[in-house]
Each structure stands twice: as C-alpha cells, then as structure tokens.
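Observations on the three-dimensional arrangement
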Amino acid sequence: MRADGRRTKGLTAIEQAIPHIMPKRVDAQNYVTEYVDEEIIKDYIRSVKQQKGVRMSRMAVIIAAYYLAALQHPYINRFVVGSRVYDRNHFCVSFVMLKKRADGSSDQTTVKVFMEPTDDIFTINQRINDVIEKNSEPKHENNTDKFAAFMFSLPVLPYLVMALVRFLDRFGLLPRAIIDLSPFHTSMFITNLASINTTHIYHHVYEFGTTSVFLSVGKSIPNYLTGELDKKLIPISVVMDERICTGHHYALFNKTLQRYLRNPELLERENALLSENTELWEKVFMEADKGMAMIEDGKNYGDFLLDTVEAAKEQFTDKEYEWLKESATEISNIENKLTALEEKY
C-alpha cells in the first residue's frame, strides 16, 4: 500500500484496462477551457472585504471551489502510477510563486497547500496566504528548495536520486516525507498567469509524480460567448488525466465546480453543513455517482441531495436518514434564498 493512497476498488474491466492501453499521462491528456463570470467573483471578493474585513484573491476562490467540489466527487482526486489507479488519501494543491531574493532580483519557488475536510473558503484563503507569506521571505528556503539544492550539489546526484525516487514511486515504496515535499505529487497543480498579464495555456500534466489535473488561470477576456463584450470572463484551462474517471464523472464534478463559482457564497455556507459528517455525506455522493445522477441546470442542489438521500434511505439508520434530510433541506433553503435574490436584483 502506498503512503499517499490505496488501490481504487470497484473499477469496471475497461476502467482497469485503460491505464494499460495508455500507460503514460501524455497518452491520456484531455483539454478543455472553462469560463467564469469575472464580475461575480469580484463582487464576492468586495463583499467579503466590506462585511468581514477579509482580503481574498480570485485564486483562493477558484481553489476553494475546486476543493469543495472534489470532496463531493472524490474520484477527481485519484491518480495513476504503474498503470494502477489509486484513491489519494489527502488533498493538496501545488503552485509556483514569485519571490524576491535578498539582492532584489526575482526568483520563484514551488509550494504545496494541504487541505482538511472541515475547511471552508476562509480557512483555505488563510492557508494560501500563510504559505505565500512564509515563502516570500528573501532568506526563506522551503523543504522543496533545500532538497533540490542538495540534489544538484554534485553532478552525479540528480540522475541517481531521480532514478531511485522513480523506482520507489512506481512500486509504492516512496516515503510520505518525500511525497509531501514533492510539488509533483499533488491533487491539482494550478498556475495564475493573470498575475503576469498572460493568457491561459494548456499545461501538460507531469509524467513524474501523481499530478492528475493542471489548471491554468489566464487574464480576463471579453465575453464573446454571449456577445456582451463589455463584460469579462476568467478563462480556466484544464488538462487532466482521463484515466482517473469517466467523462460522465468529470461532468458531474464540473457541474458542482461551476455551481460554486456562480455562487461563491455557497463555499462558506454549505460546507459548514457538509463537513459535519463527511463519512455520511460521502455515502450520499457515492450513491449519486453510482446511479449516474446528473443535477439539471437550474435545479436546487439541496433538492438534488434530498432525492439522492431518499433513493438510498435503506443504507442509513433512521437517525442518519433524518439528519441527512434535515441538512439537505437547509441547503435547499439556502439556495432558494440565493435564487430569490438573483431574481430580485
């Protein structure tokens, strides 16, 4: 058993065969660009600053939306090593950040942020800010930087170290300490190209490590999708390893992701309910995936959860069933209020 995950169970024959048919990530890369209404994100960031005094970046909103959607669709957090599919036992995000050296010249470093099931958008925003602040110090070197410096201290070391790491990784023997400092062993890698005024790109997922999804956030563009060119969209390019889940499963995940990005308020309200009993909700989400349930455009998510809980009620005790119904009803009420506000204004 690997230190960062366990073999995925219940795969169909074709799902087990695909990693052997496409043994490398470069064989299995799929590309898509999603678009987010920039004004919705800006309005939310402004309201959070005014009402709660919290400074939040759009990067934090996107990462929080991705993470909370992944909690509901955990197959997006799978990875493939040695033609075997694994369920990752944690969630983390890697990204490259710019920093200043002591002499004033520009430098960059790669960092990882680890999430917890109880995180909401505010704790995620704080985790990101803490990591950036710590690694922005000119003299600070994180463990990844120190390991890289050691590896290149002698000409022969990079080849020997990487050969050993690849061998251990392939056979599930790589220590968790190495996995945690490797930015390439991550649930999702993201780059914010808007910060350097650059358009989005399709960035490959690395062959080394366990990165299954790479997001690239570009500078805002006019809304040519609807012809409202005075409004702006945030383009997010996604490159993913298709071996981790089916197209239908990705569509389910994307549906939830888009719902959060259209209503960022849900990132702070709904997760408080969904994180109260993550194991119980995971049963509900897995039941929805098993039944290939697809939430329809415009349908209240709480009602969707209520329908799913009702269909799977035999799997829960009476107490669990009543608690799930009560929580799903509360989520339904939250979404009804948001819908009413949207229609009013």
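Attention here is on the structure that accompanies the text. It should be emphasised that the depicted structure is a prediction, and the values quoted were computed from it without experimental measurement. Here, residues in each chain are numbered from 1, in the same order as that chain's written sequence. Local features in this predicted model are restricted to residues whose pLDDT is 70 or higher, and side-chain atom pairs enter the listing and the counts only when it is 80 or higher, whereas totals over whole chains, interfaces and linings include all residues. Think of the side-chain values as coming from all heavy atoms in the structure, minus any hydrogens and water.

**Topic: the pattern of salt bridges**
Salt bridge, as used here: a side-chain nitrogen of Lys or Arg that lies within 4 Å of a carboxyl oxygen of Asp or Glu. Applying the stated criterion across every chain yields a total of 14 salt bridges. The salt bridge partner of Glu-268 is Lys-52, with a shortest N-O separation of 2.7 Å. In this pair, Glu-268 sits in helix 9 (residues 266-274) while Lys-52 sits in helix 2 (residues 38-52), placing the two residues 216 residues apart along the sequence. Summary of the burial criterion: residues with accessible area below 20% of their type's maximum are buried, those above 50% are exposed, and those between are partly exposed, where the area comes from a 1.4 Å probe applied to protein chains only. When its relative accessible area of 18% is taken as the criterion, Glu-268 is described as buried. Judged by its relative accessible area of 45%, Lys-52 falls in the partly exposed class. Notably, a salt bridge pairs Asp-180 with Arg-176, separated by 2.7 Å at the nearest N-O pair. Taken as a pair, Asp-180 and Arg-176 lie in helix 7 (residues 176-181) at a separation of 4 residues, close to a single helical turn. Exposure remark for Asp-180: the relative accessible area of 29% places this residue in the partly exposed category. With relative accessibility at 30%, the residue Arg-176 sits in the partly exposed group. A single salt-bridge network, built from bridges that share partners, covers Arg-2, Asp-4 and Asp-169. Helix and strand definitions here come from DSSP, where helices need a minimum of 4 consecutive H or I residues and strands a minimum of 2 consecutive E residues; each element is numbered from the N-terminal end.

**Some remarks on empty space enclosed by the protein**
Only protein atoms enter the 1 Å grid, on which a cavity is a set of points fitting a 1.4 Å probe that cannot get out and a pocket is an open set with protein on both sides within 12 Å along at least 5 of 7 lines, lining residues being those with an atom within 4 Å of a point. Grid points are joined across faces, edges and corners, and a volume is the space filled by probe spheres set on the points. Counted under the stated rule, the structure contains 2 cavities of 30 Å³ or more. Estimated volume of the second largest cavity: approximately 80 Å³. Considering the residues around the second largest cavity, the lining is formed by Glu-34, Val-36, Ile-62, Tyr-66, Leu-215, Ile-236, Val-238, Tyr-250, Leu-257, Gln-258 and Leu-261. Taken together, the elements giving at least two residues each to the lining of the second largest cavity come down to strand 2 (29-37), helix 3 (58-72), strand 10 (228-241) and helix 8 (247-262).

**Points about the layout of surface pockets**
Computed from the structure, the largest pocket encloses a volume of approximately 1200 Å³. Along the wall of the largest pocket there are 42 residues; nearest its centre are Leu-71, Pro-74, Tyr-75, Glu-282 and Met-286. Looking at which element gives the most residues to the lining of the largest pocket, the answer is helix 10 (residues 278-290), with 10 residues. Gly counts as polar in this scheme, as do all residues outside two lists: the nonpolar Ala, Val, Leu, Ile, Met, Phe, Trp, Tyr, Cys and Pro, and the charged Asp, Glu, Lys and Arg. By residue class, the composition of the lining of the largest pocket is 17 nonpolar, 12 polar and 13 charged. In this model, the second largest pocket occupies a volume close to 930 Å³. Every residue lining the second largest pocket is counted, 38 residues in all, and those nearest its centre are Phe-95, Val-96, Met-97, Thr-109 and Thr-110.

**Concerning the side chain of Ser-182**
If you trace the backbone, Ser-182 turns up in the loop between helix 7 and strand 7 (188-192). Here a residue-residue contact requires only that any non-hydrogen atoms of the pair lie within 4.5 Å. Not counting the four nearest positions on each side in its chain, Ser-182 is found in contact with Lys-112 and Phe-208.

**Some details on unusual backbone geometry**
Positive phi, normally seen in glycine, also occurs at Ser-83, with a value near 65°. In this fold, Ser-83 is placed in the loop between strand 3 (78-81) and strand 4 (84-88). You will see that Asn-197, though not glycine, has its phi angle at about 55°, which is positive. Here Asn-197 shows up in the loop between strand 7 and strand 8 (213-217). The class of Asn-197 is exposed, set by a relative accessible area of 56%.

**Brief notes about the sheet that holds strand 3**
Here, a strand pair is defined by DSSP locating no fewer than two bridges between the strands. Ordered by their spatial adjacency, 3 strands build an open sheet running 1-4-3, and the pairing between neighbours is antiparallel. Two strands lie at the open edges of the sheet, namely strand 1 (5-7) and strand 3, each paired on one side alone. Strand-to-strand, the axes of this sheet are offset by a mean angle of 40°, without reference to chain direction. Sheet analysis places strand 1 next to strand 4, joined by 3 bridges and oriented antiparallel. Fitting a line to C-alpha atoms yields each axis, with helices limited to the stretch in contact; the angle taken between N-to-C directions then spans 0 to 180 degrees.

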